[in-house]
Amino acid sequence: MEVKNNAVPKADRLMDLFSLKGKVVVITGASGPRGMGIEAARGCAEMGADIVITYASRREGAEKNVEQLQKEYGVRAKCYKCDVSQVKDVEDLVANVVKEFKKIDAFIANAGATAQGGVVDSSYDEWHRVIQTDLNGTAYCAKAVGAVFKEQGFGSFVITASMSGHIANYPQEQTSYNVAKAGCIHMARSLANEWRSFARVNSISPGYIDTGLSDFVDEKTQKLWHDMIPLGRDGQAKELKGAYVYLVSDASSYTTGADIVIDGGYTCR
Ligand code: NDP
C-alpha cells in the first residue's frame, strides 16, 4: 500500500516543526472559558493555524472564544453548532469547514459529557447519553473527517480521551464514561492502523483538570483526589495545550497510535 503521509518533514528547526502556519484545525467542544478545547485552540492559533471550534449549547461562549482567537492571534476563526451525538450535525460540520476553508489539516475530537451515576442506580437513557456523546460521537467525527483526510492524503486526528479510560478511578461511579473513554483510546490505536496511508491518529488522556466539568464534585472527594495525585493538585487546561500542538504539528510526524497521559502522575502507581 502506498503511504502518502509518512514523509520526513523538511524543517529541522524546532520552531518550524511546531509551526501551524497555513493549517486548518477543527476542535469540537470548545465553548467553555477554561476548557481543554479552547486551550487547544489557543495553542494552535498561537502557532499560526486557522481555527474552527464547535459548541453544543453554549453559543455565546463559543462566539466569545472566536473573538478572542481573532483578536489575540490574528488568525481566521469561526464557530459552528455541532451536537456530536447526531451524525447529520457532524457531517454538516465537516462539509461546511471544507467548503469555507478548502481543507482540514487536523481535527481534535474533544467534545465530551460526564456520567451522572452508577450502572445500577441510573437509567438506560443515562448510559446511552454518555456512550452516544463520548464514544459514538467521536466515531462519527472520525468517519466524517477520515473521508476528507483520505481524499487529501494527509491529516492528524486527535481524540481527548481520559485517564478514566485507563483506570476505574475511585470513588466516582462513572462506568459509562470509563468505558467510553477506554473505547476512545483503542479507537485511536485502531484508526492509526486503518488510516496508516493517509493520516496519523493519537489520543490524549487527561487526569483531573480544573475546567468546570468536575465542579459538582464535593470538597472531600477533591481532597481525596489530590492526596492520590503525585503532583498534589488538579491540572490546568493550559498545561495540555503543548501536547495538542505537538500532535497536530510536524513535530509529531513519527507519532501515531499513541496515547499521551497528562495526569500529574495519578495513574503511574
Ligand atoms: P468543557 O465543559 O469545557 O468541555 C466540554 C465540551 O463538550 C463543551 O464545549 C460542550 O459544549 C461539549 N459537549 C458536551 N456534549 C456535547 C455534545 N453532545 N455534542 C457536542 N459537544 C458537546 O470541559 P472539559 O474541557 O473538561 O472537557 C473536554 C474534554 O476533556 C471532554 O471530552 C472530557 O470528557 C475530557 N476530559 C476532561 C477531564 C477533566 O478533568 N476536566 C479529564 C479527562 C478528560 P457546550 O458547553 O456548548 O454544550
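Everything below is about the structure printed above this text.
The shown structure was predicted, so the numbers you read here are calculated from the model rather than taken from an experiment.

K.L.:
Teacher, can you tell me more about the sheet that holds strand β7 (residues 259–262) here?
P.N.:
Whenever strands of a sheet pair, they do so through backbone hydrogen bonds, lying parallel or antiparallel. Taken together, seven strands build an open sheet; the order of strands is β3-β2-β1-β4-β5-β6-β7 and the sheet is parallel. Only two strands of the sheet have a single partner each, and these edge strands are β3 (77–81) and β7. Strand-to-strand twist of the sheet, defined as the mean angle between neighbouring strand axes without regard to direction, takes the value 15°. Pairing between strand β1 (residues 24–27) and strand β2 (residues 50–55): four bridges, direction parallel. Each bridged residue has a counterpart across the sheet, and for V24 the counterpart in β2 is D50.

K.L.:
Could you clarify how one ought to interpret the packing of helix α2 (residues 36–46) against helix α8 (residues 241–248) in this entry?
P.N.:
How two helices sit against one another is set out by the angle between their axes and by the gap between those axes. Where α2 meets α8, the closest approach of the two axes is 8 Å, and the angle between their N-to-C directions is 55°. Our classification of the angle between α2 and α8 gives oblique. In terms of crossing hand, the pair formed by α2 and α8 is right-handed. Contacts between α2 and α8 pair M36, E39, A40, G43, C44 and E46 from the former with K241, Y244, V245 and V248 from the latter. Across the contact of α2 with α8, the residue classes tally to six nonpolar, one polar and three charged.

K.L.:
Could you clarify how one ought to interpret the packing of α2 against helix α3 (residues 59–73) in this entry?
P.N.:
Across the interface, α2 lies against α3 with an axial gap of 10 Å and an inter-helix angle of 25°. As summarised for this structure, α2 and α3 are arranged roughly parallel, according to the angle between their axes. Remark: the crossing between α2 and α3 carries right-handed chirality. Packed against α2, whose contacting residues are I38, A41, R42, A45 and E46, the element α3 presents N65, Q68, L69 and Y73 at the interface. Here the residues of the contact of α2 with α3 sort into five nonpolar, two polar and two charged.

Reading the values: rules and limits
Residues numbered from 1 in each chain as written. Predicted model: local features only at pLDDT ≥ 70, side-chain atom pairs only at ≥ 80, totals over all residues. Heavy atoms only, no water. Pairing = 2+ DSSP bridges. Helix = DSSP H or I, 4+ residues; strand = E, 2+ residues; numbered from the N terminus. Axes fitted to C-alpha atoms, helices over the stretch in contact; angles between N-to-C directions. Parallel < 35°, antiparallel > 145°, perpendicular 65-115°, else oblique. Left-handed = near helix turned anticlockwise from the far one by under 90°. Contact = heavy atoms within 4.5 Å. Nonpolar A, V, L, I, M, F, W, Y, C, P; charged D, E, K, R; others polar.

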